[in-house]
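# Overview (structure and organization)
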Amino acid sequence: MDGFRTTGPIAYLTGEYPKASHTFILREIAALRAVGVTVQPASIRRGTPGDLIGQQEKDAQAETFYVLETARRPAALIAAQFFCLLRRPSRYFEALLLAVRSGRPGAKGLIWQLFYFAEATVLAKHMMRGNAVHLHNHFADSSANVAMLAATLAGIPFSFTLHGPAELFEPESWHLGKKVARSAFTVCISHFARSQAMLFSDPDHWDKLKIVHCGVFPDRYTSGVPAAASDETRLLFVGRITAIKGLRVLFSAIEGLRKTRPDLHLSIIGDGPDRAWAEDEARRIGGITLLGYRSQDEVSEALGHADILVLPSFAEGVPVVLMEAMASGRPVIATSVGGVSELVEDGVSGRLVAPGDAVALAAAIETLADDPEARATMGAAGRAKVEAEFDVACEAGLLATLFQGETGGGPRPQPAEDA
């Protein structure tokens, strides 16, 4: 796809970038640029050194404007205040009043909003200097507060992508409805995310809620190639090592299975606050290897060696790692939470189990471990699903159209069911 041209640069904001768990933003920016959109990346804060896991992440960091690094310099912060105030006093005070009215209750909420306002002046000055014509933000939490204020200061439209699950834990505290109302449009990564936005926003603004999937470049994954022969059944988990990902349930399932299935081996790509616990349990249970963070290319390679990807999360949006596994022709076992069922069809491209159910998870693992033919069939179906609906190049085309103002009406329809 090509030929999309906006009238100027699109500023792209998120809370922390680049980030190992947010590689979908890297892909989305690359895909937008491929269809002719000029993107100016910005982030509230810089990712940690551990997030620079590949050259793509290093290149992204080098071109990104970091708001807090400028805001922490008193002279630069004061200069941003005067720049915005003198450029358009009415916008300055409109944004300040909006900041006061859109915070969490209490004095602490007000103080945080004033911090966000200060950050917004720095970002607004940067955007005006760069002639940005639109501001898009990923996630609906604190960085969206900054985006809403900065767009008001700069006098340009803003939009944001609603992912879940984190932003949906406190939608009223984050004033999700107000952000939808003030946005030019709101991108929802799934029908589930759109329904939650509908729940917390005025029906008059539901036509702003547009479904654009996160996605992958399917051609970057090897499909249809069976995993190399091995005496082991190789399971793979990719994600943050944190409570929400359900690893305690997965470890429980593995512990029970290995009593009769010592051939099972689980590799874990990722890191997080529960890493020490996971290391202790891996030593106790056996057959579990923790690999830490890996680059996008290394994740793709690991998927090529895996037999099954397992993601036992308690809450999700639509996990990109499932798309990566399916693009690699690998069956997936996941929990039926959030928008997962919009990607994975139970019994067709993988297995869906109830969250928190170690017995059902173990049964699904054992069933697929014993049936290589089913694994191959499900892998092919998963690849077809990703090619049809989760190709980031196609999704970027939809997003580019929204940036052009061709918003249309209503949600993107569900694909027709097979007869």
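For the structure itself, consult the block above.
These lines cover the structure that appears in this document, whether it is placed above or below. (Residues numbered from 1 in each chain as written. Predicted model: local features only at pLDDT ≥ 70, side-chain atom pairs only at ≥ 80, totals over all residues. Heavy atoms only, no water.)

### A look at the overall build of the chain
When helices and strands are tallied, the chain shows 17 helices and 13 strands. Relative to the 2.2 N^0.38 estimate, which gives 22 Å for 419 residues, the radius of gyration of the chain is 22 Å and therefore close to what a compact globule would have. Here the C-alpha coordinates of the chain stretch approximately 70 × 50 × 40 Å along the principal axes. Looking at the chain residue by residue over its 419 residues, the buried ones come to 58%. Accessible surface computed for the chain: about 17,500 Å², of which carbon and sulfur atoms make up 54%. (Helix = DSSP H or I, 4+ residues; strand = E, 2+ residues; numbered from the N terminus. Rg over C-alpha atoms; globule rule 2.2 N^0.38 Å. Buried < 20%, exposed > 50% of the residue type's maximum accessible area, 1.4 Å probe, protein only. Areas by Shrake-Rupley, 256 points an atom, 1.4 Å probe, with all protein chains shown as cover.)

### Re the environment of Met378
By secondary structure assignment, the location of Met378 is in helix H16 (residues 372-389). A C-alpha to C-alpha distance of 7.3 Å links Met378 and Arg330, two positions 48 residues apart in sequence. For Met378, the contacting residues outside a window of four places in its chain are Pro331, Gly347, Val348, Ser349, Gly350, Arg351 and Leu368. (Contact = heavy atoms within 4.5 Å.)

### Details of the sheet that holds strand E5 (residues 158-162)
The seven strands lie next to each other as E3-E2-E1-E4-E5-E6-E7, forming an open sheet whose pairing is parallel. Looking at strand neighbours, the two that pair on one side only are strand E3 (65-66) and strand E7 (209-211), the edges of this open sheet. Sheet topology places strand E1 (residues 10-17) next to strand E2 (residues 39-46); seven bridges connect them, and they run parallel. Counterpart to Tyr12 in the pairing with E2 is Pro41. On top of the sheet, helix H10 (residues 191-199) reaches E5, strand E6 (185-188) and E7; it is set at about 175° to E7, its chief contact. (Pairing = 2+ DSSP bridges. Axes fitted to C-alpha atoms, helices over the stretch in contact; angles between N-to-C directions.)

### Side note on the packing of helix H1 (residues 23-34) against helix H17 (residues 392-403)
The geometry of a pair of packed helices is captured by two quantities: the angle between their axes and the separation between those axes. Where H1 contacts H17, the two axes come as close as 9 Å, and the packing angle between them is 70°. Judged on the interaxial angle alone, H17 and H1 are roughly perpendicular. H1 and H17 meet at a crossing whose hand is right-handed. Residues Arg27, Glu28, Ala31 and Leu32 of H1 lie in contact with H17, whose contacting residues are Val392, Ala393, Ala396, Leu399, Ala400 and Phe403. Its residues assigned to classes, the contact of H1 with H17 shows eight nonpolar, no polar and two charged. (Parallel < 35°, antiparallel > 145°, perpendicular 65-115°, else oblique. Left-handed = near helix turned anticlockwise from the far one by under 90°. Nonpolar A, V, L, I, M, F, W, Y, C, P; charged D, E, K, R; others polar.)

### A look at the sheet that holds strand E12 (residues 332-335)
With parallel pairing, the six strands of this open sheet are ordered in space as E10-E9-E8-E11-E12-E13. Looking at strand neighbours, the two that pair on one side only are strand E10 (288-292) and strand E13 (350-353), the edges of this open sheet. Each adjacent strand pair in this sheet contributes to an overall mean axis angle of 20°, direction not counted. Summarising the sheet, strand E11 (residues 308-311) and E12 pair through three bridges and their orientation is parallel. Bridging across to E12, Val310 finds its partner in Ile333. On top of the sheet, helix H11 (residues 247-257) reaches strand E8 (233-238), strand E9 (264-269), E10 and E11; it is set at about 160° to E9, its chief contact. Each of E8, E9 and E11 touches helix H13 (residues 296-305); the most contacted strand, E8, lies at about 150° to it.

### Side note on the environment of Leu135
Mapped onto the secondary structure, Leu135 falls in strand E4 (residues 134-138). The exposure class of Leu135 is buried, given its relative accessible area of 0%.

### Focus: the packing of aromatic side chains
Applying the stated criterion across every chain yields a total of nine aromatic pairs. Each ring, one from Tyr92 and one from Phe93, has its centre 5.4 Å from the other, and the planes form 80°; the classification is edge-to-face. A residue is classified by how much of its surface remains accessible, and Tyr92, at 11% relative accessible area, is buried. Both rings, one in Phe251 and one in Trp277, keep their centres 5.1 Å apart while their planes meet at 20°; by these two values the pair is stacked. Linking Phe251 in helix H11 with Trp277 in helix H12 (residues 275-285), this pair joins segments that are 26 residues apart in sequence. The class of Trp277 is partly exposed, set by a relative accessible area of 21%. An aromatic cluster of three or more residues is present, and its members are Tyr12, Phe185 and Phe403. Over the face of the ring belonging to Trp174 we find Arg104, whose NZ or CZ atom lies 4.2 Å from the ring centre. For the cation-ring pair, Arg248 lies above Trp277, with the distance from its terminal atom to the ring centre recorded as 4.2 Å. (Phe/Tyr/Trp six-rings, centres within 6.5 Å; stacked < 30°, edge-to-face > 60°. Lys NZ or Arg CZ within 6 Å of the ring centre and 35° of its normal.)

### A look at H1
With 12 residues, H1 extends 17 Å between its outermost C-alpha atoms, agreeing within 8% with the 16 Å of an ideal straight helix rising 1.5 Å per residue. Here H1 lies mainly inside the structure; nine of its 12 residues are buried. (Expected span 1.5 Å × (residues − 1).)

### Let's talk about the side chain of Thr161
Tracing the backbone shows Thr161 in strand E5. With a relative accessible area of 3%, Thr161 lands in the buried category. When near neighbours in sequence (up to four residues on either side) are disregarded, Thr161 contacts His136, Asn137, His138, Phe139, Ala140, Glu167, Val187 and Ile189.

### Overview of the pattern of salt bridges
Under the definition given, this model contains 20 salt bridges. Across the salt bridge formed by Lys19 and Glu16, the nearest N and O atoms sit 3.7 Å from each other. The residue Arg234 makes a salt bridge to Asp307 at a minimum N-O spacing of 3.4 Å. Here Asp307 lies in the loop between H13 and E11 and Arg234 lies in strand E8, a separation of 73 residues in the sequence. Asp307 matches Arg234 in its accessibility class, with the two residues each being buried. One connected set of salt bridges, linked through shared partners, spans Asp219, Arg383 and Glu387. (Salt bridge = Lys/Arg side-chain N within 4 Å of Asp/Glu carboxyl O.)

### Here's the deal with the packing of helix H4 (residues 74-87) against helix H6 (residues 106-129)
Their axes nearest at 9 Å, the elements H4 and H6 cross at an angle of 70°. By the criterion of interaxial angle, the relationship of H4 to H6 is roughly perpendicular. When you trace H4 past H6, the crossing you get is left-handed. For the pair H4 and H6, contact is made by Leu77, Ala79, Ala80, Gln81, Phe83, Cys84 and Arg87 and by Phe117, Ala118, Thr121, Val122, Ala124, Lys125, Met128 and Arg129, respectively.

Purely geometric numbers; function is a separate question.
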